[in-house]
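Survey of secondary and tertiary structure
Chain residues, written in single-letter form:
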Amino acid sequence: MDLSTILFIALAAIFALGFAFFQYLYKTKKRGKDAYILFALRFLSVFVLLLLLINPKFTFTSYTIEKPNLVLAVDDSESIKHLSQEDTLKSILEKLKSNEKIKQRFELVQYNFGNDLKAGENNKFNKSETNVFSALESIKELFRGKETAIALISDGNQTSGRNYQYFKPDDKTDIYPVLVGDTTQYLDLELSRLNVNSYAFLNNHFPVEAFISYSGEESINTRFTIKARDNAIFSNNISLDSENNSTIIHAELPASKLGVLSYEAEIVPLETEKNTANNAKSFAVEVIDERSKILLISAIPHPDLGAIKKAVETNKQRQLDIKYIQDDLLNIKDYQLVILYQPTSGFTSIFQDLDENNQNYLIVSGTKTNWNFLNSIQDFVRKDFTNQTQEIFAVKNPNFNQFQFEEVGFPEFPPLEDKFGKISLESNSLESIYFQKIENVETSQPLIAIQGSGQNKTAFIFGENIWRWRSASFLENKSFEKFDTFFGKLIQNLASAKQRERLTLDYKSFYYENESVKITASFFDQNYQFDPNANLNISVTDSIENIESQFILKNNVYEVDLGSLAPGTYSFKITEAGSRISRSGSFEVIAFNMEQKFISANKNAMEDLAENSKTKVYYPNQIQELIDSLLSNDKYKPIQKSRQKNVPLVDWYYLLFLLVSILAAEWFFRKYKGLI
């Protein structure tokens, strides 16, 4: 309290005395007891009122001892019980909690963890999953900014979450791993993952990528093999040791026949290996035939013919033959697609053969096309034409989604030419890839369009001089690649010999209890190119409940994680919202405890964690050493902290009560004496 405040209080006291004196004692001849009582009450009421108006501030200082935190992070999973370490773990806790010096030095708190972190001191060892990383991360967040030592008491085995070996504590946190359980390291080889495509093309090779890991101290030599019907088609020697404990093997397998081919990838087990269930995985690949023969028929020579042939045959799996109307065309059914260039009345028999063979075809019209004939021979489009020619520019249809393609730049390229006239659509299923732009007016008339779906398709290009587009693409990009790729995808869409599955699934026929049930899917457009814009939903049912979920896109594959399901048989249906294409399947969840698959403690992971924290791993017989290390560390010393608090007098509510009480007492006293 400063000097000015003290002076004001003194003046307030003097004023209160003077005020009371002049009111009750000054010039009073009979100063009885009643006068002095009223004098005292008036002095107190005035003085308290003036004190509240002056509102002096009082400073209070409090002292506290802040101890560093010692967090006992206790593994409460079933693996502790499976390894018969309950009593050992409880003994460790008792030694730490009962140590008087530890209690004096640290603020002791216990958290138990399985898949998540929970405060408490009762350990039941019944958690079905262990996530050490999540537990450490949660503790770090809870005690952020405070000096904290974490005694991680665990067998080091983790069944879910990120790898805690790479957990990095902050500057104020140290982790002291306490390892319980058998630390004997048993040899184990694992085929942890296989990467393989869903499709392969006939007479090509498809890649297989295998990830192999090894746990053990000694060097080992074995073989990795891939078998088809018990016949080894690929093998590779493997040499691993404690330092070089993982490898990736790349294999190129031949796709020599059509259909779904099943394979088994396997690591030859070691003689001393106890767990061989993780040494093998099965996979399958569907081999499809992309080879196609294409026939181009024309009544006239034109530069477009050569441009189309070069664009189509850029893909070595395709062959294009050019025939003129006068040539022998008896083998037309041997072709997967027929291109009709500027048809005339001489194409009558060809259209009849195409209709009888149910073959797909592409019509390219132009200034020499006989539209009277073309209007009468097909039922998809009709053109009211004149013999005057017109230039046609391209406008992309943003809603076309049968297959994906990179924009080539057709709207900026020279125009195509066709006879002048309006095109009318006779079929509602004709979908335009590009619309026509005539004299700077964008229209809804098709320029390049596809009619139908599946195996029955017809396509149209309403304009000649495609060769100019291919040349313009070269001038723009210094390569024909973009044009040839677009034209190749158009041809591929039309020349598909059979309907393949556009929605493919990858899932296991069974999952273990407490294992996350993950299903992956791939969705392809009508060209069997992966579609990253699909909307896949799944409905899973069993005898009790129904689960609805949605797939998310991860690394060019769709994935849904249904979490851990109860043992039982489940059926599911996956539907793509846009196309309504769906697939169904089923799987079984087998009763199995992931926590019971461990046969020893994970010493290596705990040592890596200790190294990250610049500490060491302690064992049950080294608890006193852990206690000594904690007590001798100058980082963990209690700190005395003082706290000053300034409290204004007006916050003392009882002074207001006192003032009211004094005034009330004076009023009642005066009333009693008949002075009011």
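Everything numeric here is computed off the predicted structure, so don't read it as measured data.

When helices and strands are counted, the protein shows 14 helices and 33 strands. Taking 676 residues into account, the globule formula puts the C-alpha radius of gyration at 26 Å, and the protein, at 43 Å, lies well above it. With the principal axes as the frame, the protein shows a C-alpha extent of 150 × 80 × 55 Å. Going through the 676 residues of the protein one by one, you find that 44% of them count as buried. By sequence separation, contacts in the protein at least 24 residues apart represent 72% of the contacts at least 6 residues apart. Accessible surface for the protein amounts to roughly 35400 Å². Of this, 48% is attributable to carbon and sulfur atoms. Each charge sign in the protein was given a centre, from 73 positive and 85 negative side chains, and these centres are 12 Å apart.

Backbone geometry at Gln-342 places phi at a positive 50°, although glycine is not the residue there. By relative accessible area, which is 2% here, Gln-342 ends up buried. Its identity is not glycine, yet Asn-465 carries a phi of approximately 75°, on the positive side. Mapped onto the fold, Asn-465 is located in the loop between strand 23 (456-462) and helix 10 (466-477). Since its relative accessible area comes to 5%, Asn-465 is described here as buried.

What the rule picks out here adds up to 18 salt bridges. Residues Glu-121 and Lys-97 are paired through a salt bridge, measuring 3.7 Å at the closest nitrogen-oxygen approach. Here Lys-97 lies in helix 4 (residues 86-98) and Glu-121 lies in the loop between strand 4 (117-119) and helix 6 (132-142), a separation of 24 residues in the sequence. Note on Glu-121: relative accessible area 56%, which makes it exposed.

What follows is about the packing of helix 7 (residues 303-312) against helix 11 (residues 481-495). Running from N to C, helix 7 and helix 11 cross one another at 80°; their axes reach a closest spacing of 8 Å. Relative to helix 11, the element helix 7 is oriented roughly perpendicular. Across the interface between the two elements, Ile-308, Lys-310, Ala-311 and Val-312 of helix 7 pack against Phe-483, Asp-484, Phe-487 and Ile-491 of helix 11.

The next thing to look at is the sheet that holds strand 14 (residues 280-288). Taken in spatial order, the five strands line up as 8-14-13-10-11 in an open sheet, and their pairing is mixed. In the strand order of this sheet, the two ends are held by strand 8 (199-201) and strand 11 (231-240), each with one partner. Averaged over all pairs of adjacent strands, the angle between their axes in this sheet comes to 25°, without regard to strand direction. Pairing geometry for strand 10 (residues 220-228) and strand 13 (residues 259-267), over four bridges, is antiparallel. Counterpart to Thr-225 in the pairing with strand 13 is Glu-266.

A separate point is the packing of helix 2 (residues 33-54) against helix 14 (residues 653-672). Interhelical geometry of helix 2 versus helix 14 gives an angle of 155° and a closest axis separation of 9 Å. Relative to helix 14, the element helix 2 is oriented roughly antiparallel. Between helix 2 and helix 14 the crossing geometry is left-handed. Within the contact between the two elements, helix 2 uses Asp-34, Ile-37, Leu-38, Leu-41, Arg-42, Leu-44, Ser-45, Val-48, Leu-49 and Leu-52 and helix 14 uses Leu-655, Leu-658, Leu-659, Ile-662, Leu-663, Ala-665, Glu-666, Phe-669 and Arg-670. Split by residue class, the contact of helix 2 with helix 14 holds 14 nonpolar, one polar and four charged.

Let us now look at helix 12 (residues 603-612). Helical geometry note: an α-helix holds 3.6 residues per turn, so side chains three or four residues apart project in the same direction. Those residues of helix 12 that sit buried are Ala-605, Met-606, Leu-609 and Ala-610. Seen from one end, helix 12 has its buried residues packed into an arc of 140°, which puts them on one side. Packed against the buried residues of helix 12 are helix 6, strand 5 (148-154) and strand 6 (173-179). One side-chain oxygen at the N-terminal end of helix 12 lies 3.2 Å from the backbone nitrogen of Ala-605; it belongs to Asn-602. With its phi angle positive at about 60°, Lys-614 sits one or two positions after the end of helix 12.

Turning to the pairing of strand 13, a few remarks are in order. Pairing of strand 13 with strand 14, which is carried by eight bridges, proceeds in the antiparallel orientation. Paired with Glu-264 across the bridge in strand 14 is Ser-282.

A word on the packing of aromatic side chains. In the structure shown here, the tally under the stated rule is 31 aromatic pairs. Taken together, a centroid distance of 5.6 Å and an interplanar angle of 50° make the contact between Phe-106 and Tyr-636 tilted. In this pair, Phe-106 sits in the loop between helix 5 (100-105) and strand 3 (107-113) while Tyr-636 sits in the loop between helix 13 (623-632) and strand 33 (639-648), placing the two residues 530 residues apart along the sequence. Both residues of the pair, Phe-106 and Tyr-636, count as buried. Taken together, a centroid distance of 6.4 Å and an interplanar angle of 70° make the contact between Phe-224 and Phe-234 edge-to-face. Linking Phe-224 in strand 10 with Phe-234 in strand 11, this pair joins segments that are ten residues apart in sequence. The buried category is assigned to Phe-234, whose relative accessible area is 18%. An aromatic cluster is built from Phe-400, Phe-405, Phe-410, Phe-413, Tyr-434, Trp-469, Phe-483, Phe-486 and Phe-487, whose rings are joined through pairwise contacts. Positioned over the ring face of Phe-211 is Arg-193, at 4.3 Å from the centre of the ring. Stacked on the ring of Phe-480, the Lys or Arg Arg-470 has its end atom at 3.9 Å from the ring centre.

Rules used throughout
Residues numbered from 1 in each chain as written. Predicted model: local features only at pLDDT ≥ 70, side-chain atom pairs only at ≥ 80, totals over all residues. Heavy atoms only, no water. Helix = DSSP H or I, 4+ residues; strand = E, 2+ residues; numbered from the N terminus. Rg over C-alpha atoms; globule rule 2.2 N^0.38 Å. Buried < 20%, exposed > 50% of the residue type's maximum accessible area, 1.4 Å probe, protein only. Contact = heavy atoms within 4.5 Å. Areas by Shrake-Rupley, 256 points an atom, 1.4 Å probe, with all protein chains shown as cover. Lys, Arg positive; Asp, Glu negative; His and termini not counted. Charge placed at Lys NZ, Arg CZ, Asp CG, Glu CD. Salt bridge = Lys/Arg side-chain N within 4 Å of Asp/Glu carboxyl O. Axes fitted to C-alpha atoms, helices over the stretch in contact; angles between N-to-C directions. Parallel < 35°, antiparallel > 145°, perpendicular 65-115°, else oblique. Pairing = 2+ DSSP bridges. Left-handed = near helix turned anticlockwise from the far one by under 90°. Nonpolar A, V, L, I, M, F, W, Y, C, P; charged D, E, K, R; others polar. Arc of directions from axis to C-beta. Polar contact = N/O pair within 3.5 Å; in protein donor to acceptor, adjacent residues only side chain to side chain. Phe/Tyr/Trp six-rings, centres within 6.5 Å; stacked < 30°, edge-to-face > 60°. Lys NZ or Arg CZ within 6 Å of the ring centre and 35° of its normal.

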